[in-house]
Amino acid sequence: MLDKQMDNLIEKTPKKTNQISVFSKRKRTFAITFFGIFALFAVSAIVANYNILSGFESIPKAFAWMAGNFIPDKKALSRLPNILAKLFETALLAVAVTASAAICAFFFSLLGTKTTKAPPLVSRAARIAASFFRNVPNVVWAILLLFSFGQNILTGFFALFFATFGMLVRMFIETIDEVSSSCVEALHATGANSIQIILQGIVPSSLPEIVSWVLYMIEYNIRDSTLIGILTATGIGYLFDLYYKRMDYGSASLVVICIVILVITIELLSNKIRKVIM
Amino acid sequence: MPILEFQNVSKVYGNTTKALTNVSFSVNEGEFVSIIGPSGSGKSTILRCINRLVDTTQGSIIFDGHDINNANKKEIRQVRKKTGMIFQHYNLVDRLSVIENVLHGRLGYKSTLSGAIGRYTEQEKEQAFQILAKLGLTEQAYKRCDELSGGQKQRVGIARSLMQEPRLILCDEPIASLDPSSSKIIMDYLSTINKNMKITCICNLHQVDVAMRYAKRIIGITSGQIVYDGPPEELTKSKIYDIYQSNEGGLITDVR
């Protein structure tokens, strides 16, 4: 009896030749991908006139130059209070941007998620709008907004706001779909209405992850606001640009060091917060 | 008097996937019905048609004298208030406490605002604690739901549906993710609720033996059609094979 069953099972498994062809096919795909990437690199290197050897050779030279010029000197240290004040301003801007973008993004993501069963057209529109804001880089937003606001802190604010908003809507939609769909179904079954479901089901189940994304975007925005600041002539980015163009490399490097320390501190802090709320 | 009546109900997902075809049956008040059938045969769809989590394509469903197919939003809410539902994966708000999850059963009765901010009356809270005590969860009342075991979570699910003061409880494979001992506890509770509180119970099950032991009536469905409807005593082996479209020796229950 058992033998017969085993025979049946064996007959049902695919033929050996089939298996072999699957493996050889996978190898072929791998080889094609590998050579494809190599060919792409070779062609683009030739077109761009890029010599890989001289590229690597110049790395040590570059580091030597940086070590020679980018050591903060006494003059740089005397500028520290000014740098710290600007850094503080930039960090606050990043926090303000992220917080306000998060609030708007949450309402938008409620329209975009499948769990709230918003009308399909509204939901699609919300997703497309968010995707548009996300896919225009914040630097491009800054350049575009420079025309309407000029070199102003508002320009930086909105440039970061749009990009952050677009990113957060997507993160929030994914989070809500992932963590709350099951409890939303149960709350629907109890006869709860949409507002009750949002506040009693979606918010409590997705809040920790939402906070986690917001913290991530704060880190991200502190880094990016430096870059935006160079364009809009505000905050710490402006200071870096100023020192750099004056060839005051010592002060410029002190700015970089301060930014790195701040970003690392914020990262450590937000990791701690994440651990507590998760 | 039937509390629930299916009249030639059909459901098609998309344009092609037929989930139910001409399903007709009626359930009397106080019955314990178990629906069995292979995965994807339409068991869950039947339950979800009753509280309109799923809309039917054809036919009519009459719950407590009202045709719920043409119900508007407000009427659907009335139907859902009176039907509790228990899920395979419990579907609790894991980050809230047990007592908060149980009180969610009252949301259908409350105004939008007080439900949304979670303000419950003393009476409701007392009732929630009484139900928790009945289900042996008093000690867990203030714990977060993700700290509980599967069996405890399912009991919270039962408590939530009891909070609704339902006339009908729908169970969608309540013991499919539980160990044998927790499964027995859950099925015993459902059976007690059915007998003592006179709440009608419709229970989807994968375990034929469990269905035969607890249910007074079994409905077997295969690819969206009812192929058996009767008491467990008359459910012969060959009829079980028919339901699961299988032969002698093809079911796990045949392994001895």
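These numbers were taken from a predicted model, which means no experiment stands behind them. (Residues numbered from 1 in each chain as written. Chains lettered and ligands numbered in written order. Predicted model: local features only at pLDDT ≥ 70, side-chain atom pairs only at ≥ 80, totals over all residues.)

A few words now on the overall build of chain B. For chain B, the count of helices and strands is nine helices and 10 strands. Taking 18 Å as the expected radius of gyration for a compact globule of 256 residues, we find that chain B reaches 18 Å, a close match to that expectation. With respect to the principal axes defined by its C-alpha atoms, chain B has extents near 55 × 45 × 35 Å. Looking at chain B as a whole, 44% of its 256 residues are labelled buried. In chain B, of all internal contacts separated by at least 6 residues, the share reaching a separation of at least 24 is 68%. (Helix = DSSP H or I, 4+ residues; strand = E, 2+ residues; numbered from the N terminus. Rg over C-alpha atoms; globule rule 2.2 N^0.38 Å. Buried ≥ 20, exposed ≤ 12 C-beta atoms within 10 Å, placed from the backbone. Contact = placed C-beta atoms within 7 Å.)

This part covers the sheet that holds strand S1 (residues 2-13) of chain B. Residue and element names in this part refer to chain B. Strand order in this open sheet of four strands is S2-S1-S4-S5, and the pairing throughout is antiparallel. In this open sheet, the two strands that pair with only one neighbour each are strand S2 (17-28) and strand S5 (66-67). Pairing of S1 with strand S4 (residues 58-63), which is carried by five bridges, proceeds in the antiparallel orientation. In the strand pairing of S4, Leu-4 is matched with Phe-63. (Pairing = 2+ DSSP bridges.)

For the rest of this paragraph, the subject is the interface of chain B and chain A. Contacts between the two partners involve 24 residues from chain B, matched on the other side by 18 residues from chain A. A per-class count over the side of chain B that touches chain A returns nine nonpolar, 10 polar and five charged. (Nonpolar A, V, L, I, M, F, W, Y, C, P; charged D, E, K, R; others polar.)

Residues and elements named next belong to chain A. In the contact formed by helix H5 (residues 80-112) and helix H8 (residues 153-190), the axes pass within 7 Å of each other and the chain directions differ by 40°. Relative to H8, the element H5 lies oblique. Remark: the crossing between H5 and H8 carries right-handed chirality. Listed contacts from H8 to Leu-93, Val-97, Thr-98, Ser-100, Ala-101, Ala-102, Cys-104, Ala-105, Phe-106, Phe-108, Ser-109 and Gly-112 of H5 are Ile-153, Gly-156, Phe-157, Leu-160, Phe-161, Thr-164, Phe-165, Leu-168, Val-169, Phe-172, Ile-173 and Ile-176. Classifying every residue of the contact of H5 with H8 by side-chain character gives 18 nonpolar, six polar and no charged. (Axes fitted to C-alpha atoms, helices over the stretch in contact; angles between N-to-C directions. Parallel < 35°, antiparallel > 145°, perpendicular 65-115°, else oblique. Left-handed = near helix turned anticlockwise from the far one by under 90°.)

Once that is clear, we can look at helix H1 (residues 43-50) of chain B. Most of H1(B) sits out of view: eight of its eight residues are buried. Once H1(B) finishes, Arg52(B) follows within two positions and takes phi at roughly 60°, a positive value.

All names here are of chain B. The six strands lie next to each other as S6-S7-S8-S3-S9-S10, forming an open sheet whose pairing is mixed. Each having just a single partner strand, strand S6 (83-86) and strand S10 (225-230) make up the two edges of the open sheet. For this sheet, the mean angle separating the axes of adjacent strands, direction not counted, is 15°. Where S6 meets strand S7 (residues 168-172), four bridges bridge the pair, whose relative direction is parallel. Of the residues in S7, the one forming a bridge with Ile-86 is Cys-171.

Take unusual backbone geometry next. Residue and element names in this part refer to chain B. A positive phi angle, close to 50°, is found at Asn-8, a residue other than glycine. Take Asn-8: it is sitting in strand S1. One non-glycine residue with positive phi stands out, namely Asn-91, at about 50°. The residue Asn-91 is located in the loop between S6 and helix H3 (98-103) in this model.

On average, residues of chain B score 93 in pLDDT, and 100% of them reach the 70 mark or higher. Confidence metrics for the complex model read pTM 0.82 and ipTM 0.92. (pLDDT = per-residue confidence, 0-100.)

Quick look at the environment of Asp248(A) now. Note that Asp248(A) resides in the loop between helix H10 (235-245) and helix H11 (249-277). For the pair Asp248(A) and Ser206(A), spaced 42 residues apart in the sequence, the C-alpha separation amounts to 48 Å.

Moving on, we get to the domain arrangement of chain B. Residues and elements named next belong to chain B. Partitioning chain B into domains gives domain 1 (2-82 + 166-254) and domain 2 (93-165). The straight-line distance from the C-alpha centre of domain 1 to that of domain 2 is 25 Å. On the side of domain 2, 11 residues touch domain 1, which itself brings 12 residues to the contact. At the level of secondary structure, the elements contributing two or more residues to the side of domain 1 that touches domain 2 comprise helix H2 (73-81) and helix H7 (180-196). Per-class residue counts for the side of domain 1 that touches domain 2 are seven nonpolar, two polar and three charged. (Domains from an automatic or database assignment.)

Moving on, we come to the domain arrangement of chain A. Per the domain assignment, the segments of chain A are domain 1 (24-54) and domain 2 (76-277). Using only C-alpha atoms to locate each centre, domain 1 of chain A and domain 2 of chain A end up separated by 37 Å.

If you look at the biggest cluster of nonpolar residues, it comprises 127 residues, and the most contacted ones within it are Ala159(A), Leu168(A), Val255(A), Val102(B), Ala159(B) and Ile202(B). A total of 21 residues in this core trace back to one element, the largest contributor, which is H8(A). Apart from the residues lying within four places of it in its own chain, the contact partners of Val255(A) are Ile83(A), Ile236(A), Leu239(A), Phe240(A) and Tyr243(A). (Core = buried A, V, L, I, M, F, W, Y, C linked by C-beta atoms within 7 Å.)

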